[in-house]
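Summary of structural features
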Amino acid sequence: TSGSTGRPKGVAVTHTGLPALARTLADAFAAGPGDRVLQFASLSFDTSVWEIVMALFSGAALEIVPADRRLGEPLAEFLTEHRVTHLTIPPAVLAALPRDAVAPGTTLVVAGEACTPALVRAWAGRTRMFNSYGPTETTVDATLWRCDPERLRADDHSPVPVGTAVAETAALVLDAALRPVPPGTPGELYVAGSGLARGYLGRPGLTATRFVAAPYGPPGSRMYRTGDLARRNAHGELEYLGRADHQVKLRGFRIELGEIESALTALDGVRQAAAVLREDRPGSKLLAGYVVPRAGADLDPGRLRAALARTLPDYAVPAALTVLPALPLGPTGKVDRTALPAPATAPADDAPLTGHAATLAGLFADVLRLDGPPGGDDSFFTLGGDSISSIQLVSRARKSGIALSARQIFEHPTPRALADVVAPHTETAAAPGDAGKNAPALLTPLMHWLRRHPGHWTGFHQSVLVTVPETLTEDRLRTALGHLLATHELLRSRVTTDHPDGRPRLTPLDAAPDPAALLTVAPVHGDDTELRRVVETRSRDRAGELDPEQGHMVRAVWFPRGPGRDGRLLLLVHHLAVDGVSWRILLPDLADAVAAGTPPPRPATSFAHWAGELYADTDRFTAERAHWDGVLADRPAPLVPPEAAAAPHTPGELRTELAPGLTGPLLTATAAAFHARPDELLLAALVHAIGGDAPVLVDLESHGRHEESAPGRDLSRTVGWFTT
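Residues numbered from 1 in each chain as written. Predicted model: local features only at pLDDT ≥ 70, side-chain atom pairs only at ≥ 80, totals over all residues. Heavy atoms only, no water.

1. Some details on the pattern of salt bridges
Applying the stated criterion to the full structure yields 22 salt bridges. One salt bridge in this structure joins glutamate 261 and arginine 337, with 2.6 Å as the shortest N-O distance. Of this pair, glutamate 261 sits in helix H7 (residues 257-265) while arginine 337 sits in the loop between strand S19 (320-323) and helix H9 (355-368), placing them 76 residues apart in sequence. We classify glutamate 261 as buried; its relative accessible area is 13%. Given the relative accessible area of 28%, arginine 337 is considered partly exposed. The network of salt bridges with common partners includes Arg153, Arg231 and Glu239. (Salt bridge = Lys/Arg side-chain N within 4 Å of Asp/Glu carboxyl O. Helix = DSSP H or I, 4+ residues; strand = E, 2+ residues; numbered from the N terminus. Buried < 20%, exposed > 50% of the residue type's maximum accessible area, 1.4 Å probe, protein only.)

See below:
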């Protein structure tokens, strides 16, 4: 078996489970003399044992299909010629068969991958259709469901049940602590019983992780951890929810590919569908969908995407949809996702773009790493953009002479729509806070909060480890670091308190620190384990040198690895001078400085000006002040008593994943009904969960780069800790 990893592994399956398998097949399918069972599976695939037992243990004949007749019309003709009465095929193969390929009353079993509701509705009315589930590790089969369209959920996106456990088998849905989960709650599926394999041949470590002690069976019994997610419906039947590793993450959202495939197959004219997360260009992930049309259907990818957008959250709608004549299949008849072609990135419209629209389309492609400019009506966010990359787009646009804001990108996300609202970019006169270089910056409220915690004040930092080419030299790196500090003044600042108003500030030093003092060179000639050890040691040592009171805001360590091996560069910056968005400015600037040997351009707006604006217009909060004063005056009791909070404790993390059926409405219909953002709904749920009817006071933070904080100013190249 190769499972979901694609790496073949031998499974040591004994004959112990064969009697139970034979009993299951006899009771469910009743094959006997005169019946003809299709031998579809290769002898290297465990389903071949299922087919052999079904036929030869009952007196039926075994009809072996040739390799060149295993799909579509050729397979349909074979079924008719050989009068096949029992067949077991993957759903992808069934979806490719003509509707009249299987004679009425035939016993039809789908197995090997998830079946869709559309297939059940199309075939169960005219055949004895079953949905089988079972890994190789459990002697072919573990559960079985007699397909009944009337028992499907009304939602076409819902999974098809895989039924109940077969003879001498137990199917358990457990949480991470191996506790049974309530009906309707997703968990991981474990299988126990007489069909359990011994393990993986020659791989004791993997065997120990997948074949575990069974807490609910006799002493010494084991169960197999399938890695599949499942839940029980109201009838006690199992519903397969997909692989635990079939879940992908895109722009911070967890996405179930199976849910997208179900939504696609529910659309008119779609016979089959597949969805994958692709990364055809390094660093640029794309959610791609593939559809096969029904006979006579003319599928338009644009209309399909629009239809999906009515049922799926926007981030789960594939950015590209490709129409194929058939899905590529592997030797076992399952969809071969690795063979799916790269989607074409053709623009949504063919009208040529001119002027600002053409420039913006080119900038979309530059920021999002597209192969070419998108069409005039292609959305920045559909193509893979987000709030952070929109800031990068603002910066690139202003370099190209176009003035726009992040808010405009959200409101007018296509090149053509943006071009109608942007204006020519002109250099803005220096703001009072930017009248001269090296203006001291007031500490923001969050910085004051950090200063009240001296235990964290000195070493509170962020760090990144990047790969650098073997051709990098120490002189070029030291020079580039000097240019970086000269451009971004907070990197060479220190905290000062000798100001007439007594308010502390981040004051840039007139001269940047000596780059030689910033950089440590630590050659590593060993393997990756040695590299990790050295990086960890050096990171700890250099972080201890950071001190904002002394102006020690940046430290760097270069790990050259010798000829033929790329090195690593570790950058550590005190949090007072950096945040998550700042790294998207610093790393490209450093790369450009290394390549060109010249300083990157200075930011248009200083952090000092932005910080000053936070305190300049206090009247804007006047209407809210009475409310918040009242909240703080009558603040709720802390969730943890003061004496417990002051005692030594170890922080932990509690992570809960919501099922697609709950997540979808939360992000779409529910949010729209309450005119609220999803994060606001989650906060409401948090208050309800921990506070009930009592109020709960929660500290929230934001990335802080909001244009209303400094109207008219360009923060797209400004480095600092903007969190508010």
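After that view of the structure, there is still more to cover.
2. Side note on the packing of aromatic side chains
Applying the stated criterion across every chain yields a total of ten aromatic pairs. Taken together, the aromatic side chains of Phe29, Trp50 and Phe130 make up a single cluster linked through ring pairs. Seen from the ring of phenylalanine 40, arginine 70 lies directly overhead, with NZ or CZ sitting 4.1 Å from the centre. Positioned above the aromatic ring of tyrosine 615, the side-chain terminus of arginine 503 is 5.1 Å from the ring centre. (Phe/Tyr/Trp six-rings, centres within 6.5 Å; stacked < 30°, edge-to-face > 60°. Lys NZ or Arg CZ within 6 Å of the ring centre and 35° of its normal.)

3. Some details on the nonpolar core
Membership of the largest hydrophobic core comes to 45 residues, with the highest contact counts inside it found for Leu491, Leu506, Leu571, Leu576, Leu590 and Phe607. For this core, the elements supplying multiple residues, two or more each, are helix H13 (445-451), strand S23 (461-468), helix H15 (474-487), strand S27 (554-559), strand S28 (567-574), helix H18 (580-596) and helix H19 (607-616). Here this core takes six residues from H18, the largest share from any one element. Among all residues touching leucine 590, those that are not within four sequence positions of it are Ala480, Leu481, Leu484, Leu569 and Leu571. Of all hydrophobic cores here, the second largest spans 29 residues; its members include Val120, Trp145, Cys147 and Val160. (Core = buried A, V, L, I, M, F, W, Y, C linked by side-chain atoms within 4.5 Å. Contact = heavy atoms within 4.5 Å.)

4. Some words on unusual backbone geometry
One non-glycine residue with positive phi stands out, namely threonine 139, at about 55 degrees. Within the secondary structure, threonine 139 sits in the loop between strand S6 (128-133) and strand S7 (143-146). Residue classification places threonine 139 among the buried positions, given a relative accessible area of 6%. Residue leucine 178 is not a glycine yet carries a positive backbone phi of 60 degrees. Tracing the backbone through its elements, the reader meets leucine 178 in the loop between strand S9 (169-174) and strand S10 (187-193).

5. Let's talk about helix H17 (residues 528-543)
An ideal rise of 1.5 Å per residue puts 22 Å on 16 residues; H17 measures up with 22 Å between its terminal C-alpha atoms. When H17 is considered as a whole, its buried residues turn out to be Leu531, Val534, Val535, Ser539, Arg542 and Ala543. All buried residues of H17 lie within an arc of 145 degrees about the axis, which places them on one face of the element. Relative to its buried face, H17 has exposed residues pointing more than 90 degrees away, namely Glu536 and Arg540. (Expected span 1.5 Å × (residues − 1). Arc of directions from axis to C-beta.)

6. Re the confidence of the model for the protein chain
Considering every residue of the protein chain, the mean pLDDT works out to 84; 90% of them sit at 70 or more. When the criterion is pLDDT under 50, residues 2-6 qualifies, and its contacts beyond four places in sequence or with other chains add up to six contacts. Segment residues 428-436 is flagged for pLDDT under 50; beyond a separation of four residues in sequence, or across chains, it makes 13 contacts in the model. (pLDDT = per-residue confidence, 0-100.)

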